Amino acid sequence: MLKFVIKRLFVMLLTAFALTFIVFWLTNLPPNLEKLAKSEAGTRISDAEVGTWLSENGYDSSPLNRYGQWLGLLPGWTGTAQNGTPTGRCLEKDADPATAPRFCGLLQGDWGQSSVFKLPVSQVIGRSLSLTGWLMFAVMAVMVPTALFLGVLSGMREGSRTDRLLSAFSIASTATPEYVSGVVFIALLASPMSGLSPFLSGAGWIEGRTLFMGTATSAMEDINFWNFALPVMTIALYGIGYIARMTRASMTEVMTAQYIRTARLKGVGFRQVVVRHALRNALIAPFTVIMLQFPWLLNGVVIVETLYNYKGFGWTLVQAAGNNDIELLLGCSVVAVVLVLITQLISDIGYVFLNPRIRLS
Amino acid sequence: MEPLSWGQILLAALQQFLPVWVALIVTFALSIRYKRKLALYGKLFDSPVGMIGFAIVMFWVFTAFFADWIITMDPLAQFSGSKNAVPGSALTAPDPDAYTHFLLGADHVARDVFSRMVMGAREVLKIAPAATLFAFMVGITLGLPAGYVGGKLDTVISFIANLVLAFPVILLFYLLVTPEIIVIGIPTYMAAILFLFPIFFIGILINSRYFTNPPQRNLYLGIAMAICVWAYIGLAFNADPLGVWGMSPNLLNVFVSVVFVNSPGVFRIVRGMVMDIKTRDYVAAGQTRGEGAWYIMLWEILPNARGPLIVDFCLRIGYTTILLGTLGFFGLGVSPESPDWGSTINYGRKLLAMVPHPALAPALALMSLVLGLNLLADGLREESLKD
Amino acid sequence: MSDTAKDTGWDPSKPILEINNLSISFFTRLREIPAVMDFSCSVMAGEAMGLVGESGCGKSTVALAVMRELGKNGKITAGTIKFKGRDLTNMNQEELRQIRGSEIAMIYQEPMASLNPAMKIGAQLAEVPMIHSGMSKEDAWKLARQIVADVRLPDPDRIVNAYPHQLSGGQQQRIVIAMALMAKPALLILDEPTTALDVTVEAGIVDLVKDLGEKYGTSMLFISHNLGLIMDVCDRLCVMYSGEAVETGNVVQVFDKMRHPYTQALFRSIPLPGADKNSRPLISIPGNFPLPHERPQGCNFGPRCDYFQDGRCNGTDIPMSEVPGDDRHASRCLRWTEIDWAAPIAKREVKQKAEIGKVVLKMEDLKKYYSVSSGAFGGGAKKVVKANETLSFEAREGETLAIVGESGCGKSTFAKVLMGLETATSGSIMLFDENVQSTPIQKRNTDMVSSVQMVFQNPFDTLNPSMTVGRQIIRALEIFKQGKSDEERHNRMLELLDLVKLPRAFAERMPRQLSGGQKQRVGIARAFAGGAKVVVADEPVSALDVSVQAAVTDLLMDIQRENKTTLLFISHDLSIVRYLSDRVMVMYLGHVVEMGTTDQVFQPPYHPYTEALLSAVPIADTKVIRKRIVLEGDIPSAMNPPPGCPFQTRCRWKSQVPGGLCDREMPPMQTLEGGHQIKCHLSVEVLNSMEPVIKIAAE
Ligand SMILES: Nc1ncnc2c1ncn2[C@@H]1O[C@H](COP(=O)(O)OP(=O)(O)OP(=O)(O)O)[C@@H](O)[C@H]1O
Ligand code: SF4
Ligand code: SF4
Ligand SMILES: [Mg+2]
């Protein structure tokens, strides 16, 4: 077991290195740096000036070298500015070059400076992650129980009317990406011009002009049902369908297994068959699915946060990418990649624990 | 002129889609008539779910095909004074020969929503199935040896596939689908590599089957390779001397990115199925005959994995459609002018709370297509399991 | 046990189970499939009733109908099933639930699949009395422990706390039996309970079932396709053919005085002691089993019956008719009174014995080790599995060498090494005077490859499902560089179809349109496409029905005679081995434990393992007296073989070897007279004192 975890951790580390390097390389392509130089030193500078700006700011060494610096495995660059003051990666403004550390990268806890927010990257990411954490938590709390319940309910009697109805719902919801359901939700429930709201406010049943709020900006300070329900529902809906289908498939498979027939022929009642014999076996597969949903959940988060203007991790990522904020984008990528890898690890280990066949053989 | 009521809008829209209805009826009549002779495709017509799905999918396919007849106005034209016009409203300055109403209203720059939605179907169906097909070729070409040979090869390819899968898709798109990337030429390099897979696939397919008969093999291989290389030069480098094959740099970039993120998924499925099928006796029989590895993979294993692959293909076209929409949603689409659904939703969402219809129409269109593909896949899966 | 449930005022002298004119259909999208028609039988209290028949004849369907578990598309269309006088066909779900498990219990073919993988054995067992008689949890677990001991499992305390996958196949089947016995049911239905098990394990289970049946006075409905097994277990039997009972009666009477042509044909097609491939070959039943929806008019067996009479047999439906004087013996044949049942077999052709030529294959000290990693997560220590240990033998032209052994003994590894799919760890293989032990198949030349071919076990797997039969044979011809043009190859392909006695029209068919036996023939045709000289047949007939088995074995023999092929026949079925092989090699855990001519191996002196194996094989002949030797325990895993003699964990002769040699030292190969080899520490005297396992009683 320990050996397995170590091996997995090693592969994970390797993956993390490979992925961050790719991100680093892609964000540090010459045109991106050129754009950065122009945005930092003025848009109208000449090509030669771009060159000097880049070399003054340590961008002239090889990408691998700079990747090492960024990670904190190689010493940070040093140089002198045109006015003769020493500059360097690890040198804070107006600090004494003698006391500056040699290494300053990810490993030293220095994530760099965001050019858009003018704040340290770690601070930006920390703030946005906590906001997204709430969103994710709410999504999981809604999505997982609902999906499992629906999946088990429709899978336990394959072909019944309940099954058909729930399956239709699941298929429809998996066919609805967040940007579609979000748009539909807003049009239906949070638009003063269309959907339910004009009707309700006309009748005087709601105070404001809309039933739900079309943005979740206010939820950053104070989460309540009216500003948070739509974003949560938007992300959860797609996931509910997907997980419910997986659960259903796994449940129907289990229900046709021989040992279920054995149980029935032992005289076990239907309810007991489902609860005692089928459920545990049927939930093994969905567990991994739920865990592997994380990369995709991130996707949903990005779309929903953009759509509802909720300034969490996804929103930050879009800002970073859209504004060529290299350090911030790198930081976001590290977080995203590590998050995904950790969930994969959990999914692997959890699978083994849920499944006695693997655990004990 | 009077605005149209909802009933009139519906009638008018139904009428515009006339060619699609005719085509659908013909397709269904023929298919049901001959369903017993049509293998899995025929069996589809025994499943109500599959039939509904197929009907929806074919609706959009025919819409894309007949789009020029269906649209009521030029999807790119702007009609001054009709910004955000509500569905059914009349043109302010109607041209006597042309259509007089915005069936589904107009968008924020006064373009006809209905026509853009119809043209959007063409945009989507031009890219999604082709990109999925390429992703399948890549996934299959890598998944077969990984599953069949196993060992180090498998470890390496699986590692790379997992690498791509662990990348949050949006991040990847933000990194790949940017103008800067095109300047560097990365899409072209990626295309150069990714588009090699289909050539390799077809080449091996023919060679392993006909190598016992060199003249025949040379003939088939020659013809196939000539066509492939021609298409390759055109698609990957946009340098087709005859100008038949070609993609704009932007389109190529989107296309390549979509193929790139889809291939690892296909790879995984293929690899899993190969590992299962390779334990069958007919594979062992091939081996004891001294058959080459590629023949066994392509002719003994692959055809027997076709059921799940076809199902996955349908699902994946839907997924690709969603991806393309996502790209459009983040403004990374093919071009700002393009009427593709994702981009249209993106523009529409800015005023969503006030004028929902420009975003709603493409959103529902996209949803229905994906739904159709999902239902189709479900029907196919169910039918392929029976008997 | 709730007495109220069991006390229904039923008179124990009446049948406990009475099935009358039962008809069952499955409704599929295309058509109705009448799986069982007009089936009647009755089981008295304490009686064991056997149900035999070929695959697809409806045995399982009858069993499941008794449990009222026919699935969504299965319906009982007519007839009644009375259990203790109450009709099961019109009971509601709740009444059924009370009967299932407590009064009628069922045991299936696949033990692993019948146990819940995520529940402890004890919990699965204890559930039964907890549901049916409201027993407390502790009592139920105690009872479970006791019943586990009753089914002769070692260390019951450990087993009740184990999960199913921690037990071997034989142990799992015992658990399934224990589960069925938890509520002491009145009727036990066993659907091929031993088919998935090895013969020596099967013998143990069969013994157990018989003993428990007697101990608890349980009635049994025992389903099997193996006539020998039925004879071992049952008092009465019912022979089924194509959804109908064709003959029913007391086992001895049916076996000795059969009154239905199908039963007769069935007995003639199975290799009983005394059958011989040259002088007394088996007689296969011509034609194929009809599909349920394509049954002929009148007698279902008509098209394949030797006694068929046009106008009569295909006129009306045939009723069951009693054989007077016998014990409830009945036959579904119009002409049973007219047929001369004692007449000798007319068409039996005697075949020329094939000549045995020079040595074509010689293996010396062949070893094949695999290194595998153990442990749940792919990590763990590397272990060496010794799949083949010091294998030495030679095979001659035109000879049939049988390789016998139970699962995991290394038969298939040996085949792989010979074919070149794997290379040997050490030792040499000489094939036509060429050394091939380290030449993988890719490096062998076409001649070499085409002259060593293989016939596979599973007919459903042996052909590529998405390629026509003809195309698959032509592909083999292309690869073996046979024929100059496509046309020539096409003709050669048709000839090959002739060779395996298949209609030429089959060339265009897809494998799914063929029956199991037909597929196996195509597999044989494909193997002979390049004029194979050595053919490895890996259990080629074990998945086929008995009536087809005979035809396929005979086909192999005929081709062998014609082409002077060397046949390496891998099998676990000793009856068929005795019938067709010239020499036999018995393997156990990777070792050859005995080798000699067929006569030498089947007669004493035996290797102790061979002795047990021989005694375990059920024989469907009332005249054969068989000594019962039931081996304790299971076959050890090849990963941890025992020290010393590989067979020492189960050997009953071990005590005859002084000094505990068996536990410590690998026995040497002793060569007895006539080149008969035995790998055992037993002295020649002890070996010679062994008694034959099978005796044929004087007539
Ligand atoms: N669920 C089903 N749907 C349709 N046909 C079925 C179904 N179950 C069984 N049959 C058909 O009913 C017939 C009898 O099947 P059954 O399983 O009872 O045979 P069997 O004698 O038990 O065979 P075996 O020896 O292979 O177990 C077969 O032709 C089979 O194809
Ligand atoms: S009824 Fe006729 S065909 Fe049927 S078994 Fe008897 S003799 Fe043969
Ligand atoms: S060597 Fe000993 S244990 Fe092995 S078979 Fe002979 S007597 Fe039995
Ligand atoms: Mg059966």
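Quick caveat, the model's predicted, so the values are computed rather than measured. (Residues numbered from 1 in each chain as written. Chains lettered and ligands numbered in written order. Predicted model: local features only at pLDDT ≥ 70, side-chain atom pairs only at ≥ 80, totals over all residues. Heavy atoms only, no water.)

Caption draft 1: Region of the structure containing the overall build of chain C. When helices and strands are tallied, chain C shows 23 helices and 26 strands. For 699 residues, the compact-globule formula gives about 27 Å, and the C-alpha radius of gyration of chain C, at 27 Å, lands near that figure. Sequence separation of 24 or more characterises 67% of the internal contacts of chain C that already satisfy a separation of 6 or more. Element-wise, carbon and sulfur atoms account for 50% of the exposed surface of chain C, whose accessible area totals about 27400 Å². (Helix = DSSP H or I, 4+ residues; strand = E, 2+ residues; numbered from the N terminus. Rg over C-alpha atoms; globule rule 2.2 N^0.38 Å. Contact = heavy atoms within 4.5 Å. Areas by Shrake-Rupley, 256 points an atom, 1.4 Å probe, with all protein chains shown as cover.)

Caption draft 2: Local environment of the environment of B:Gln16. Residues and elements named next belong to chain B. If you trace the backbone, glutamine 16 turns up in helix H1 (residues 6–16). For the pair glutamine 16 and alanine 67, spaced 51 residues apart in sequence, the C-alpha separation works out to 9.9 Å. Non-local contacts of glutamine 16, meaning those with residues more than four positions away in its chain, are made with Trp69, Ile70, Ile71, Thr72, Tyr99, Leu103 and Phe114.

Caption draft 3: Geometry of the packing of helix H6 (residues 161–174) of chain A against helix H18 (residues 357–385) of chain B. Where H6(A) meets H18(B), the closest approach of the two axes is 8 Å, and the angle between their N-to-C directions is 130°. By the angle between their axes, H6(A) is oblique relative to H18(B). Between H6(A) and H18(B) lies a crossing of right-handed hand. Where H6(A) abuts H18(B), its residues A:Ile171, A:Ala172 and A:Thr174 lie against B:Leu371, B:Asn374, B:Leu375 and B:Asp378. Along the lines of polarity and charge, the residues of the contact of H6(A) with H18(B) split into 4 nonpolar, 2 polar and 1 charged. (Axes fitted to C-alpha atoms, helices over the stretch in contact; angles between N-to-C directions. Parallel < 35°, antiparallel > 145°, perpendicular 65-115°, else oblique. Left-handed = near helix turned anticlockwise from the far one by under 90°. Nonpolar A, V, L, I, M, F, W, Y, C, P; charged D, E, K, R; others polar.)

Caption draft 4: The arrangement of the interface of chain B and chain C in detail. Taken together, the contact between chain B and chain C spans 26 residues of the former and 27 residues of the latter. Buried area between chain B and chain C, summed over both chains or domains, comes out near 2200 Å², and the portion from carbon and sulfur atoms is 51%. Area buried by chain B at its contact with chain C is led by B:Asp281, B:Thr288 and B:Arg289, which between them contribute 33% of it. With a shortest N-O distance of 2.7 Å, C:Arg475 and B:Glu291 are connected by a salt bridge. (Buried area = accessible area lost by both parts, 1.4 Å probe. Salt bridge = Lys/Arg side-chain N within 4 Å of Asp/Glu carboxyl O.)

Caption draft 5: Structural detail: the site of ligand 2. Around ligand 2 sit C:His260, C:Pro261, C:Cys299, C:Gly302, C:Cys305, C:Tyr307, C:Phe308, C:Cys313, C:Cys333, C:Leu334 and C:Arg335, and that is every residue in its neighbourhood. Looking at side-chain class alone, the shell around ligand 2 contains 8 nonpolar, 2 polar and 1 charged residues. (Near = heavy atom within 4 Å.)

Caption draft 6: Summary view of the packing of aromatic side chains. Residues and elements named next belong to chain B. Scanning all chains against the criterion turns up 42 aromatic pairs over all chains. Between the aromatic rings of phenylalanine 28 and phenylalanine 45, the centroid separation amounts to 5.4 Å while the plane-to-plane angle is 80°, which identifies the pairing as edge-to-face. Highlighted residues: phenylalanine 28 in helix H2 (residues 18–33) and phenylalanine 45 in the loop between helix H3 (39–43) and helix H4 (48–65), separated in sequence by 17 residues. A single burial state applies to phenylalanine 28 and to phenylalanine 45, both of which are buried. Ring geometry for phenylalanine 28 against phenylalanine 54: centres 5.7 Å apart, planes inclined by 50°, an arrangement best described as tilted. (Phe/Tyr/Trp six-rings, centres within 6.5 Å; stacked < 30°, edge-to-face > 60°. Buried < 20%, exposed > 50% of the residue type's maximum accessible area, 1.4 Å probe, protein only.)

Caption draft 7: Summary view of the confidence of the model for chain C. All names here are of chain C. With 96% of its residues at a pLDDT of at least 70, chain C reaches an overall mean of 86. Long-range and interchain partners of residues 1–6, a stretch whose pLDDT sits below 50, account for 13 contacts in this model, where long-range means more than four residues apart. Long-range and interchain partners of residues 375–379, a stretch whose pLDDT sits below 50, account for 9 contacts in this model, where long-range means more than four residues apart. Model confidence for the complex is summarised by a pTM of 0.85, with the ipTM given as 0.83. (pLDDT = per-residue confidence, 0-100.)

Caption draft 8: View of the pattern of salt bridges. All names here are of chain C. Throughout the structure, instances matching the rule amount to 50 salt bridges over all chains. A salt bridge links arginine 561 to aspartate 558; the nearest nitrogen and oxygen atoms lie 3.0 Å apart. Within this pair, arginine 561 and its partner aspartate 558 are both found in helix H18 (residues 546–563), separated by 3 residues, close to a single helical turn.

Caption draft 9: Region of the structure containing the environment of C:His260. Residue and element names in this part refer to chain C. Within the secondary structure, histidine 260 is located in the loop between helix H11 (251–256) and helix H12 (261–269). Along the primary structure histidine 260 and methionine 179 are separated by 81 residues, whereas in three dimensions their C-alpha atoms are 38 Å apart. Excluding residues that lie within four positions of it along the chain, histidine 260 makes contacts with Val246, Glu247, Phe301, Ser331, Arg332, Cys333 and Trp341.

Caption draft 10: Unusual backbone geometry, seen in detail. All names here are of chain C. Here the bond from proline 604 into proline 605 is cis, since omega is -5°, no more than 30 degrees from zero. By secondary structure assignment, the location of proline 605 is in the loop between helix H20 (598–602) and helix H21 (608–616). Of note, threonine 390 is a non-glycine position whose phi angle comes to about 35°, a positive value. Structurally, threonine 390 is set in strand S14 (residues 382–396). A residue is classified by how much of its surface remains accessible, and threonine 390, at 29% relative accessible area, is partly exposed. A positive phi angle, close to 65°, is found at aspartate 433, a residue other than glycine. Summarising the element assignment, aspartate 433 is placed in the loop between strand S16 (426–431) and strand S17 (434–435). The exposed category is assigned to aspartate 433, whose relative accessible area is 69%.

Caption draft 11: Looking closely at the interface of chain A and chain B. Taken together, the contacts link 49 residues of chain A with 39 residues of chain B. Carbon and sulfur atoms supply 80% of the area that chain A and chain B bury against each other, a total of about 3800 Å² over both sides. For A:Arg245, the salt bridge goes to B:Asp378, with nearest N and O atoms at 2.7 Å. The tally of links from chain A across to chain B stands at 3 residue pairs in polar contact (both at pLDDT 80 or more). Secondary structure elements with two or more residues in the side of chain A that touches chain B: helix H1 (2–27), helix H2 (30–41), H6, helix H7 (178–189), helix H9 (225–255), helix H12 (294–308), helix H13 (313–322) and helix H14 (326–354) of chain A. For the side of chain A that touches chain B, the per-class residue count stands at 36 nonpolar, 11 polar and 2 charged. (Polar contact = N/O pair within 3.5 Å; in protein donor to acceptor, adjacent residues only side chain to side chain.)

Caption draft 12: Looking closely at the sheet that holds strand S18 (residues 452–455) of chain C. All names here are of chain C. Read across the sheet, 8 strands follow the order S18-S19-S20-S15-S21-S22-S25-S24 without closing on themselves; strand pairing throughout is mixed. Every interior strand has two partners, whereas the edge strands, S18 and strand S24 (669–671), have only one. Each strand of the sheet is rotated relative to its neighbour by a mean of 20°, with strand direction disregarded. Relative to strand S21 (residues 583–588), strand S15 (residues 400–404) runs parallel, the two being bridged by 4 bridges. Counted as the bridge partner of isoleucine 403 is methionine 585 from S21. (Pairing = 2+ DSSP bridges.)

Caption draft 13: The nonpolar core, seen in detail. Grouped together as the largest cluster of nonpolar side chains are 187 residues, with contacts concentrated most on B:Trp60, B:Phe173, B:Phe195, B:Phe330 and B:Trp341. The dominant element in this core, judged by the number of residues it contributes, is helix H6 (residues 113–149) of chain B, at 14 residues. Residues within four places of B:Phe173 in sequence aside, it is in contact with B:Ser257, B:Val258, B:Val261, B:Leu323, B:Leu327 and B:Leu332. Counting residues in hydrophobic clusters, the runner-up holds 146 residues, among them C:Val160, C:Val246, C:Leu282 and C:Met493. (Core = buried A, V, L, I, M, F, W, Y, C linked by side-chain atoms within 4.5 Å.)

Caption draft 14: Looking closely at the site of ligand 1. All names here are of chain C. Around ligand 1 lies a shell of 15 residues, among which Ser55, Gly56, Lys59, Ser60 and Thr61 are the nearest. For ligand 1, an oxygen atom lies 2.5 Å from a polar atom in the side chain of serine 55. The backbone of glycine 58 places a nitrogen or oxygen atom 3.0 Å from an oxygen atom of ligand 1. The protein chains hide 67% of the 640 Å² of surface that ligand 1 would expose on its own. Taken together, the elements giving at least two residues each to the shell around ligand 1 come down to strand S2 (32–43) and helix H2 (59–66). For the shell around ligand 1, the element with the highest residue contribution is H2, accounting for 3 residues.

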